[in-house]
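# Structural description and commentary
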Amino acid sequence: MPCLLFTVEFLDGRYHGLEPDGRPEWPPSPARLFQALMASAARGAALAAEDKNALAWLERLDPPCIAAPPRHKGQAFGHFMPNNDLDTKGGDPARVSEIRSATKRFHPQIFDREMPFLYLWSFDNGREYAERMDEIGLRLFQLGRGVDMAWAVADILDGKEANNRLAAYPGAIYRPTRNSGGRQLACPVPGSLMSLIDRYEGGRARFKPIIEAAPTNKKDPTRTKVIGHTFDKPPKPRFRKVFYDSLPVRLLYELRDIAKNAGFLVWPLEEVVRLVEIVRNDAAERMKKAFPDEVAKIEQVFGLCRGAIEADKARRVRIIPLPSIGHAHADRGIRRLFVEIPPDCPLAARDIEWAFSVTGAIDNESGEINWMLTSAEEQNMLGHYGIGGPEEDARIGFRIWRTVTPMALPIPHSQGRKKGSERAEIEHNAATGVVRALRHAGIPTKPASIRVQRKPFDTKGMRAEKFAPGTRFSSARLWHVEITFPAPVSGPLLAGDGRYLGLGLLRPIKHVEGVHAFAIADGLAHHTDSQSISRALRRAVMKRVQDRIGQRASVPTFFTGHEANGSTARRGGRSHLAFVHDAPRQRLLIFAPHLLEGRQPSQTERHHLALLEVALAGLRELRSGPAGLLKLEPSAIIEDDDPLFAHAKSWATQTDYRPTRYSKNTTLEQAIIADICLELRRRGVQIPASIKNIRVTCGPRGGLNAKLGLLFSTAVRGPLLLGKDSNFGGGLFVGSR
């Protein structure tokens with residue numbers, strides 16, 4: 001497929017273009033280039049028919065690929081100009097300096113002017129228009145603001161040569177993507193050309209005179225008097241936002257022990273900083289010897305120079321040791337090293353890859369290589385850190401993250417034993433430090449909740465202070481952190497002052513979808529009835545849903561459990577929410593019906609779940625009558641930690657099981673067994689190999705309550721919520737791993 005390639009060069013290595021919201025634009029958007037081409041093609045107010053047709057052809061093409069040089073943000077500054085308010089100074093031009101204000105803001109993006117920008121459009125037909133665009137490109141004189149002087153050359157290439165140009169480009173490549181990640185850039189669409197013409201004409205006629213209604217000259221009534229002017233804003237241009245993604249270059253290496261037949265070298269987890277320093281320094285020295293003229297850039301990229309600013313850190317190579325995780329019995333030893341080269345790195349990625357591929361540890365006495373890095377072919381384990389992978393979650397992201405190596409926070413931890421109030425204040429300060437660390441790491445999403453502690457979250461992990469020896473970080477600054485984001489975040493995720501030394505590495509925690517959890521922080525009275533709390537939660541949910549859909553609308557059965565005529569919902573399977581007070585863990589749970597039946601939600605259920613998500617936002621109190629005024633905090637369900645969602649063979653009742661119906665012509669135990677087997681079959685769960693420890697009690701009206709245990713031949717995944725009153729927390733089972 002033929003391609004149209006625009007090569008744009010700037011007079012200075014600075015670009016001052018801004019987004020409509022005032023943020024710096026990078027790279028210069030295709031819409032910006034389209035406007036510059038139109039301005040260069042026009043001759044005053046006239047636009048030749050050939051040029052107009054060529055621009056109309058260009059706006060119909062798909063968004064282009066963009067190649068841009070590495071850049072860093074310059075210092076923002078303002079230009080002081082008169083604000084057209086001289087009347088307040090008596091109209092004296094000598095006092096114009098008194099009304100100057102910084103109305104023009106500039107925030108330049110600084111780059112290497114020797115490296116051009118590339119814009120690559122693909123097309124099927126219209127070669128004559130592409131040739132005309134070549135002529136228009138030669139007239140281009142600026143791109144961005146008036147100070148951004150530039151020129152362009154257009155070439156028509158075949159697809160293979162165009163791909164070779166992009167592959168050989170030393171900077172970052174931005175490609176349009178259908179995903180909602182990356183950065184948004186304005187692109188021309190059909191109608192953009194006419195919208196720019198209309199904007200130009202509107203700008204020419206934006207000042208309109210106001211004519212006095214009655215004639216002022218009796219001798220010549222046709223003469224009129226202008227008594228003022230009106231100002232009309234010209235119409236906005238028509239463009240569309242397209243997501244562009246420029247992924248960093250990612251390399252995965254294995255630590256191989258030369259002395260043991262090239263087997264894995266297992267590096268101790270607590271010495272993660274020393275490993276990064278060894279590998280970083282060795283790779284940097286090799287780069288310096290190979291490129292002696294680039295020593296300053298090499299030290300900047302590898303973080304060896306002092307006084308680095310935030311703009312420099314964004315261009316730094318990240319060396320991330322990856323401890324072995326993914327299984328409860330994994331030893332957390334470091335066997336792999338992940339290297340991430342940012343798109344704006346001033347050094348060529350292939351040169352950095354070469355430096356790491358020959359890196360190894362040399363014995364100072366014998367001169368032999370003890371271990372070295374080798375390129376890894378198997379990359380499935382990257383999914384454990386939320387990096388790519390075939391799973392949908394790994395591509396979209398995760399909401400809950402936990403540290404594998406502790407985070408170095410700017411808030412020190414006081415030594416010695418502390419009172420409860422002092423510990424709470426220290427942990428609050430540490431949580432504040434986590435928010436700052438995330439902002440410094442370039443993670444814009446503000447966390448919904450933060451949990452900090454000194455001990456690890458995993459049984460094979462290590463306490464935070466164990467990582468301090470041999471580093472510049474005191475043990476008082478190291479914390480293990482759990483972060484819950486309001487929206488999914490993709491990996492790799494590192495934060496804190498030691499993020500370039502392997503500290504602050506987080507792994508995602510897969511939480512259960514289809515359930516909403518609230519921790520009861522305060523207000524719960526003693527000896528309360530769990531089902532009364534569950535019913536209060538149901539009433540609160542229905543009220544919040546009603547407020548969302550309107551007072552005249554009928555609340556769906558999904559939320560109420562009742563049909564439109566008020567009768568109990570009876571549709572074979574579960575069709576409505578279940579509300580549970582989990583007393584041992586002091587929380588409230590709302591289960592979606594598809595989760596309890598082990599199936600995927602229907603389209604209607606997805607719509608109801610989205611409404612439920614919105615309705616529950618801001619739920620922080622629950623009035624539950626005698627149970628008290630409950631203070632609630634949103635929580636998350638984590639499969640690995642929660643016994644209600646275990647993957648286990650053995651299950652036991654937490655709340656009494658009440659049969660839906662039972663035969664009066666058999667023993668109570670046999671009646672319970674028959675009913676629970678029927679209930680499991682209805683839910684699509686396998687029949688247990690045995691039902692044991694059955695203890696049945698009879699109520700005053702003949703109802704049965706049972707405590708029992710289920711033992712399955714193969715592991716069953718929770719939750720298990722069974723029986724007549726399961727909608728309000730009855731028949732809740734706990735798994736034993």
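In this text, all values refer to a predicted model and were calculated from it rather than measured experimentally. (Residues numbered from 1 in each chain as written. Predicted model: local features only at pLDDT ≥ 70, side-chain atom pairs only at ≥ 80, totals over all residues. Heavy atoms only, no water.)

The number of helices and strands found in the protein chain is 16 helices and 35 strands. Counting the 737 residues in the protein chain, one finds 45% classified as buried. In the protein chain, the share of contacts with a sequence separation of at least 24, taken over all contacts with a separation of at least 6, comes to 74%. If you sum the accessible surface of the protein chain, you get close to 38000 Å²; carbon and sulfur atoms cover 49% of it. (Helix = DSSP H or I, 4+ residues; strand = E, 2+ residues; numbered from the N terminus. Buried < 20%, exposed > 50% of the residue type's maximum accessible area, 1.4 Å probe, protein only. Contact = heavy atoms within 4.5 Å. Areas by Shrake-Rupley, 256 points an atom, 1.4 Å probe, with all protein chains shown as cover.)

Running from N to C, helix α12 (residues 530-549) and helix α15 (residues 603-616) point in directions that differ by 100 degrees, and their axes come no closer than 9 Å. By the angle between their axes, α12 is roughly perpendicular relative to α15. Together, Val541, Arg544, Val545, Arg548 and Ile549 of α12 and Leu611, Leu612, Val614, Ala615 and Leu616 of α15 make up the contact between the two elements. By residue class, the composition of the contact of α12 with α15 is 8 nonpolar, no polar and 2 charged. (Axes fitted to C-alpha atoms, helices over the stretch in contact; angles between N-to-C directions. Parallel < 35°, antiparallel > 145°, perpendicular 65-115°, else oblique. Nonpolar A, V, L, I, M, F, W, Y, C, P; charged D, E, K, R; others polar.)

The next point concerns empty space enclosed by the protein. Throughout the structure, instances matching the rule amount to 1 cavity of 30 Å³ or more. Forming the boundary of the largest cavity are Arg332, Thr403, Val404, Pro456, Phe457, Asp458, Gly461 and His480. Here the lining of the largest cavity is composed, by residue class, of 3 nonpolar, 3 polar and 2 charged. (1 Å grid on protein atoms, 1.4 Å probe; cavity = no way out; pocket = protein on both sides within 12 Å on 5 of 7 lines; lining within 4 Å. Points joined across faces, edges and corners; volume = space filled by probe spheres on them.)

We now examine the sheet that holds strand β4 (residues 71-73). Spatially, 3 strands are ordered β2-β7-β4 in an open sheet, and the strand pairing comes out antiparallel. Edge positions in the sheet fall to β2 (14-15) and β4, since each of these pairs with one other strand and no more. (Pairing = 2+ DSSP bridges.)

The subject of this paragraph is the pattern of salt bridges. This model, assessed by the stated rule, comprises 33 salt bridges. In this structure, Lys543 engages Asp547 in a salt bridge whose closest nitrogen and oxygen atoms are separated by 2.9 Å. Linking Lys543 with Asp547, this pair stays in helix α12, spanning 4 residues, or about one helical turn. Look at Asp547 and you get partly exposed, because its relative accessible area is 44%. Among the salt bridges present, the one from Arg587 reaches Asp582, with a minimum N-O distance of 2.7 Å. The class for Asp582 is buried, based on a relative accessible area of 0%. Salt bridges sharing partners connect three or more residues here, namely Asp51, Arg132, Glu135 and Arg139. (Salt bridge = Lys/Arg side-chain N within 4 Å of Asp/Glu carboxyl O.)

On to the side chain of His16. Following the sequence through the fold, His16 ends up in the loop between β2 and α1 (30-41). On the accessibility criterion, His16 (8% relative accessible area) is buried. A distance of 2.7 Å separates the side chain of His16 from the side chain of Asp148, its partner in a polar contact. Apart from the residues lying within four places of it in its own chain, the contact partners of His16 are Phe106, Pro108, Arg145, Val147 and Asp148. (Polar contact = N/O pair within 3.5 Å; in protein donor to acceptor, adjacent residues only side chain to side chain.)

Attention now goes to the pairing of strand β3 (residues 65-68). Residues Cys65 and Ala67 of β3 are buried on one face, and the alternating residues Ile66 and Ala68, pointing to the opposite face, are buried as well. Of the pairings in the sheet, the one linking β3 to strand β8 (residues 117-122) comprises 3 bridges and is antiparallel in character. Bridge pairing links Cys65 to Leu120 in β8. Across 3 bridges, the pairing between β3 and strand β10 (residues 172-177) is antiparallel. Among the inter-strand pairings, Ile66 is bridged to a residue of β10, identified as Tyr174.

You can see Arg71 is positioned in strand β4. Overall, Arg71 belongs to the buried group, its relative accessible area being 13%. Side chain to side chain, Arg71 and Gln109 meet in a polar contact 2.5 Å long. Those residues in contact with Arg71 that sit more than four places away from it in its chain are Trp26, Gln109, Ile110, Phe111, Arg183, Arg315 and Asp344.

Taken residue by residue, the protein chain gives an average pLDDT of 84. The fraction at 70 or more is 87%. Here residues 390-394 is a poorly scored stretch, pLDDT under 50, and it has 6 contacts once near neighbours within four places are set aside; other chains count. (pLDDT = per-residue confidence, 0-100.)

Core analysis: the biggest nonpolar cluster contains 42 residues, and Leu4, Phe6 and Met133 have the highest contact counts within it. For this core, the element with the most residues is α1, which contributes 6 residues. Here Leu4 is in contact with Trp57, Leu58, Tyr119, Leu120, Trp121, Phe123, Ala130, Met133, Ala154, Asp155 and Ile156, once residues within four sequence places are set aside. Core analysis: the next-biggest nonpolar cluster, separate from the first, contains 38 residues, Val272, Val317, Phe467 and Leu501 among them. (Core = buried A, V, L, I, M, F, W, Y, C linked by side-chain atoms within 4.5 Å.)

Another point: the packing of aromatic side chains. In the structure shown here, the tally under the stated rule is 15 aromatic pairs. Between the aromatic rings of Phe6 and Trp121, the centroid separation amounts to 6.1 Å while the plane-to-plane angle is 85 degrees, which identifies the pairing as edge-to-face. One end of the pair, Phe6, is in strand β1 (residues 3-10); the other, Trp121, is in strand β8, and 115 residues separate them in sequence. For the pair Phe6 and Trp121, one class covers both residues: buried. Among the aromatic side chains, those forming a connected cluster through ring pairs are Phe10, Tyr15, Trp26, Phe111 and Phe117. A cation over a ring is seen here: Arg454 above Trp479, with NZ or CZ 5.5 Å from the ring centre. (Phe/Tyr/Trp six-rings, centres within 6.5 Å; stacked < 30°, edge-to-face > 60°. Lys NZ or Arg CZ within 6 Å of the ring centre and 35° of its normal.)

So, on to helix α4 (residues 159-168). Three- or four-residue spacings in an α-helix give side chains the same orientation, since the helix completes a turn every 3.6 residues. Within the span of α4, buried status applies to Gly159, Ala162 and Leu166. Angular distribution of buried residues about the axis of α4 spans 65 degrees; they occupy a single face of the element. Every exposed residue of α4 that faces more than 90 degrees away from the buried side is listed here: Lys160, Ala167 and Ala168. In this structure, the buried side of α4 is in contact with β1, β3, β8, β9 (150-157) and β10. (Arc of directions from axis to C-beta.)

There is a patch of nonpolar side chains on the surface, built from Leu11, Phe141, Met149 and Trp151 and spanning about 360 Å² of accessible area. Relative to the helices and strands, Trp151 resides in strand β9. A relative accessible area of 35% means that Trp151 is categorised as partly exposed. (Patch = residues over 30% accessible without salt bridge, like charges linked within 9 Å, V, L, I, M, F, W, Y side chains within 5 Å.)

Paired through their backbone hydrogen bonds, the strands of a sheet run either parallel or antiparallel. Across the sheet, 4 strands lie side by side as β33-β34-β32-β35; this open sheet has antiparallel pairing. On the outer flanks of this sheet lie β33 (690-698) and β35 (733-736), each paired with one strand and no other. Sheet twist, expressed as the mean angle between neighbouring strand axes with direction ignored, is 20 degrees. Two elements, strand β32 (residues 647-653) and β35, share 4 bridges in a ladder whose sense is antiparallel. Within β35, the residue paired with Trp651 across the bridge is Gly735.

Between its first and last C-alpha, helix α3 (residues 127-138) extends 17 Å over 12 residues, near the 16 Å set by a 1.5 Å rise per residue. For α3, the set of buried residues is Ala130, Met133, Ile136 and Gly137. Down the axis of α3, the buried set is contained in an arc of 110 degrees. They therefore lie on one face. Counted as exposed and oriented over 90 degrees from the buried face of α3: Glu128 and Leu138. As for α3, its buried residues are in contact with β1, α1, α2 (49-59) and β9. (Expected span 1.5 Å × (residues − 1).)

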